[in-house]
Amino acid sequence: MSGAIARHWRRKPLLIASRPLRWALYGGALVYLAVAVSSVHVNWLRLYDGLPRGWRFVQGFLAPNFLARWEDILIGFQESLTMTVTATAVGILLAIPVGLGAARNISPLPVYLVCRFIIAAARALQEIIVAILFVAMFGFGPFAGFLTLSFTTIGFLAKLLAEDIEDIDEAQAEAIRATGAGWWQLVNYAIQPQVMPRLIGIGLYRIDINFRESAVIGIVGAGGIGATLNTAMERYEYDSAAAILMVIIAIVMLCEYGSGHIRRRLL
Amino acid sequence: MLRIEGLSKRYRAGVPVLRGITLEVPAGQVVGVIGPSGAGKSTLIRCINRLVEPTTGRVSLKDIDITALSRRRLRQARRRIGMIFQEFALVERLSVMENVLSGRLGYVPFWRSFTRRFPQADIEAAFALLDRVGLSDFADQRADALSGGQRQRVGIARALEQNPDMLLVDEPTASLDPRTARQIMRLIREICEERGLLALINIHDVLLAQQFVQRIVGLRGGEIVFDGPPAGLNEAALTRIYGEEDWTAMRRAADDAPETGEERSEERMAGLI
């Protein structure tokens, strides 16, 4: 060893090594931002016209009216809750086999590819687009909503489940494999205990996502409380709309609180 | 009897991990496999039950050519090969009993294992084994509630629940304190004697190996560079296995610390608490 001790270390490299190029890119980004902002044309007069309308909206919300349309609201919520529960249950049941198949560490390549394709297809389309499709195919009403939510639940849950399975502690799986266990036994003894708490957590989370989504897809005709909300808005009955929104918020918060409670008890 | 002939393993486009290992182990013999990290010890024992597929060569146990078996037959062969792991590899969220009973998975159909309705004989065997490893009160605890030494005892019970002909043991003491490590090695040794089990034990601790095994195989760079009784492990042999180092101090420690009967019973008592 020579006497000299090194005095310099390599700092983490910058994303772009060349200094002029880096500054050019920063400058370019700034210019683009300025141009983009200036291209947004705000019609101030129209905005002024809209103010009273907005105010009526706010007033409606300050005085929600639960009674005027209570029958419609009740039916809407019944439909939405039914849609949510059935779609989440069916979605989870179908997501489990797809998720198992989409985990590279336990499934052969052909099965993996097919399952990944199903997930990609289910995730590529946003709920509203799927709902429009199903409404066109099966007509207006909660059945189309149920199908939409089931479909999107599969994509969501199967993807998270597959990733969770790919992240398991392989040593535990190896130990079960070494006993001569079959594939299903491996899944039951080594995989399930490791992924179950998270699967339940995600499932509960999906219940409140599905409930919120059921309000949105109702607007495009897939039944449920969304349809009721849409009708109220179209009739300018902001007080009824406010009542609906408040019930939605209450239910989502209830789901949130409930799932948190259940999750704490499971882990 | 275990027979390994010309066993080689090369991972995709890499240097070979094992090069032509040939080894014969008679029934009932306990063999310690030592060697530096990366010498291929883990790969060697995983090639025996084909958790890792060997590239070439043959492995046969009791005249069954394991390397030639179909998936289905391989699972049947695995039932008779118990395995014990470095980090215990218990399924942490299952109970101790479920972990021990998982040793029977190769013998029972899926629905029985799924509903946890194992045959009564298996359950009795599991309780007897838990008693043997000193954990009879822990049957219903979750595996992650146990200490390291206790977990390894469950690991041993799980391997024995398979009613194996041989044990593959991968660094059983690497995550344990020295005293627990000795207790575990002694337990493995005693159980092998009781049941006449052949065992292959990968182990880093040379002193521990010398005390508890009958034969030592030294691995370096995927080849066997030493094969003989523990007493034959002299400086030249250690240097051949691990490379140049001053071994005198370590060898003196080995000579100074013979096992005494008193120490044994004392440690065993402590182990049961």
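These notes cover the structure that comes with them. (Residues numbered from 1 in each chain as written. Chains lettered and ligands numbered in written order. Predicted model: local features only at pLDDT ≥ 70, side-chain atom pairs only at ≥ 80, totals over all residues. Heavy atoms only, no water.)

## Things to note about the sheet that holds strand 8 (residues 198-202) of chain B
All names here are of chain B. The six strands lie next to each other as 6-7-8-3-9-10, forming an open sheet whose pairing is mixed. For this open sheet the edge positions go to strand 6 (81-84) and strand 10 (223-228), each flanked by a neighbour on one side alone. Neighbour to neighbour, the strand axes of the sheet diverge by 20° on average, direction disregarded. Where strand 6 lies against strand 7 (residues 166-170), four bridges are found, and the strand directions are parallel. When the bridges of strand 7 are listed, G82 appears paired with L167. Running over the sheet, helix 7 (residues 178-195) touches strand 3 (30-34), strand 7 and strand 8 and is turned about 160° from strand 8. Helix-sheet contacts for helix 9 (residues 235-242) involve strand 3, strand 9 (215-220) and strand 10, and the interaxial angle to strand 9 is about 40°. (Pairing = 2+ DSSP bridges. Helix = DSSP H or I, 4+ residues; strand = E, 2+ residues; numbered from the N terminus. Axes fitted to C-alpha atoms, helices over the stretch in contact; angles between N-to-C directions. Contact = heavy atoms within 4.5 Å.)

## Examining the sheet that holds strand 4 (residues 56-61) of chain B
Residue and element names in this part refer to chain B. Spatially, four strands are ordered 2-1-4-5 in an open sheet, and the strand pairing comes out antiparallel. Edge positions in the sheet fall to strand 2 (16-25) and strand 5 (64-65), since each has one partner strand and no second. Contacting strand 1 (2-10), strand 2 and strand 4, helix 1 (residues 41-48) crosses the sheet at an angle of about 120° to strand 1.

## Details of the interface of chain A and chain B
Every contact between the two is made by 19 residues of chain A and, on the other side, 29 residues of chain B. For the pairing of chain A and chain B, the buried interface totals around 2,000 Å² over both sides, and the portion due to carbon and sulfur atoms is 59%. Its largest share of buried area at the contact with chain B, chain A owes to A:T179, A:Q185 and A:Y189, together 32% of the area lost on that side. At the boundary of chain A with chain B, the tally comes to one salt bridge. We note a salt bridge from A:E174 to B:R46, for which the minimum N-O separation is 2.6 Å. Linking chain A to chain B there are nine residue pairs in polar contact (both at pLDDT 80 or more). Broken down by secondary-structure element, the contributors of at least two residues to the side of chain A that touches chain B are helix 7 (170-178) and helix 8 (183-217) of chain A. (Buried area = accessible area lost by both parts, 1.4 Å probe. Salt bridge = Lys/Arg side-chain N within 4 Å of Asp/Glu carboxyl O. Polar contact = N/O pair within 3.5 Å; in protein donor to acceptor, adjacent residues only side chain to side chain.)

## Quick look at the side chain of A:E213
As for its placement among the helices and strands, A:E213 is situated in helix 8. Once residues lying within four places of it in the same chain are set aside, the contact partners of A:E213 are A:E127 and A:L149.

## Digging into the pattern of salt bridges
Residues and elements named next belong to chain B. Applying the stated rule across the entire model yields 25 salt bridges over all chains. The salt bridge partner of R58 is D65, with a shortest N-O separation of 2.9 Å. Judged by its relative accessible area of 39%, R58 falls in the partly exposed class. Note that E193 is salt-bridged to R189, the shortest N-O span being 2.9 Å. Of this pair, E193 and R189 are both found in helix 7, four residues apart, which corresponds to roughly one turn of the helix. (Buried < 20%, exposed > 50% of the residue type's maximum accessible area, 1.4 Å probe, protein only.)

## A closer look at the packing of helix 3 (residues 70-101) of chain A against helix 6 (residues 142-166) of chain A
Where helix 3 of chain A contacts helix 6 of chain A, the two axes come as close as 6 Å, and the packing angle between them is 35°. In the packing of helix 3 of chain A onto helix 6 of chain A, the handedness of the crossing is right-handed. (Left-handed = near helix turned anticlockwise from the far one by under 90°.)

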